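# A closer look at the structure
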Amino acid sequence: MAPTPPPRPRGRSAIQPRPIRAFEAPAAIELFRIIGRRPSNVWVDNSGALVAAGPGAQRLREFVCWRTRTRAGEQIQERVGGFFLVTASDACHPILLCPPEPLTSETAFVHAQLAQARDGARVAELVAADRLIEVVGRRPKTPPSRPGDTLLPEDHPLVVDERPDDLNEAPAFPRRAGGGRNWS
């Protein structure tokens with residue numbers, strides 16, 4: 001007789017758990033909102049091995065960000081998958097707390113972990129300097145936006161200082177009509 005599986009989560013926690021940690025900034029701090037991706041200089045084959053550019057090779061992509069600052073009423077939340085900015089209107093956007101770095105062949109397969117470690121160290125630094133205060137995380141009204149799905153040209157800079165006019169802030173999974181459920 002096979003063991004019974006654990007019960008499936010029900011209700012709001014089944015959709016998205018609460019944040020791991022949440023912070024508010026008494027004064028504005030710099031952050032980097034993800035606005036898209038661009039092709040990197042790193043190529044892989046179908047098995048995922050690093051290769052030179054050529055037939056049968058495909059390029060990995062790297063984040064492109066908009067340098068901005070927090071505003072009153074916004075929270076920085078650490079969730080599964082990284083850090084997110086929850087705006088005063090309860091929209092949710094993926095962010096980095098440290099400037100993005102280009103992919104290299106040495107970091108191609110640990111790039112996301114390195115970025116998350118840099119962001120975690122930045123949070124610790126800001127908390128120690130009393131520039132971030134830990135708070136209870138608010139529930140966003142929508143799922144996170146998916147600007148990382150936007151592919152930008154390879155010569156696009158990794159960081160831009162002005163908000164792009166065509167920034168897609170639509171949630172990743174829009175609510176279904178009549179669903180009546182919140183994302184979190």
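Quick caveat, the model's predicted, so the values are computed rather than measured.

Parameters and conventions
- Numbering of residues starts from 1 in each chain and follows the order in which that chain's sequence is written.
- Local features in this predicted model are restricted to residues whose pLDDT is 70 or higher, and side-chain atom pairs enter the listing and the counts only when it is 80 or higher, whereas totals over whole chains, interfaces and linings include all residues.
- Here the side-chain values reflect all heavy atoms present in the structure, with hydrogen atoms and water set aside.
- Going along the chain from the N terminus, every DSSP run of H or I of four or more residues is numbered as a helix, and every run of E of two or more is numbered as a strand.
- Only protein chains enter the area calculation, which uses a 1.4 Å probe; residues under 20% of their type maximum are buried, those over 50% are exposed, and those in between are partly exposed.
- Two residues qualify as a contact provided that any one of their heavy atoms is within 4.5 Å of a heavy atom in the partner residue.
- Areas reported as accessible are Shrake-Rupley estimates using a 1.4 Å probe. Residue values count occlusion only from the protein chains shown.
- At least two DSSP bridges between two strands are required for those strands to pair.
- One fewer than the residue count of a helix, multiplied by 1.5 Å, yields its expected span.
- The arc in question is the one traced by the directions running from the helix axis out to the C-beta atoms.
- Salt bridges are identified by distance alone: a Lys or Arg side-chain nitrogen within 4 Å of an Asp or Glu carboxyl oxygen.
- Patch building starts from residues that exceed 30% relative accessible area and form no salt bridge, then joins like charges within 9 Å and nonpolar side chains (Val, Leu, Ile, Met, Phe, Trp, Tyr) within 5 Å.

Before going further, it helps to examine the overall build of the chain. Counting its regular elements, the chain contains two helices and nine strands. Per-residue burial for the chain yields a buried fraction of 38% across its 184 residues. Relative to all contacts within the chain whose residues are 6 or more apart in sequence, the contacts with residues 24 or more apart total 74%. Of the accessible surface of the chain, which amounts to about 11100 Å², a share of 54% is contributed by carbon and sulfur atoms.

Judged by how many residues are buried, strand S5 (residues 75-79) sits mostly within the fold: five of five residues are covered. Judged by which residues are buried, S5 turns out to be covered on both faces: Gln75, Gln77 and Arg79 on one side and Ile76 and Glu78 on the other are all buried. Of the pairings in the sheet, the one linking strand S1 (residues 21-24) to S5 comprises three bridges and is antiparallel in character. Considered in S5, the bridge of arginine 21 is made with glutamate 78. In the sheet, S5 pairs with strand S6 (residues 82-86) via five bridges, with the strands oriented antiparallel. Following the sheet pairing, glutamine 77 is matched in S6 by phenylalanine 84.

The next point concerns helix H2 (residues 111-128). Helix length check: H2, at 18 residues, gives a terminal C-alpha distance of 26 Å against a target of 26 Å (1.5 Å per residue), a fit within 8%. The complete set of buried residues in H2 reads His111, Ala115, Asp119, Arg122, Val123 and Leu126. The arc that holds every buried residue of H2, seen down its axis, measures 115 degrees, which confines them to one face. Buried residues in H2 make contact with S1, S6 and strand S7 (92-96). Just beyond H2, the residue with positive phi is aspartate 130, at close to 60 degrees.

Glancing now at the pattern of salt bridges. On inspection of all chains with the given rule, the structure shows eight salt bridges. With its nearest N and O atoms 2.7 Å apart, the salt bridge here joins arginine 38 to glutamate 62. Taken as a pair, arginine 38 in strand S2 (residues 30-44) and glutamate 62 in strand S4 (residues 58-69) lie far apart in primary sequence, 24 residues in all. This pair shows no difference in class: arginine 38 is buried, exactly as glutamate 62 is. Between arginine 122 and glutamate 125 there is a salt bridge, and its shortest N-O distance comes to 2.4 Å. Note that arginine 122 and glutamate 125 are positioned in helix H2 at a spacing of three residues, about one turn of the helix. Taking the relative accessible area as the measure of exposure, glutamate 125 reaches 47% and is therefore partly exposed. Through salt bridges with shared partners, one network takes in Glu30, Arg67 and Asp161.

Now for a nonpolar patch on the surface. Together, Leu50, Phe109, Val110 and Leu114 make up an exposed nonpolar region whose accessible area comes to about 330 Å². Looking at phenylalanine 109, the relative accessible area reads 48%, which means it is partly exposed.

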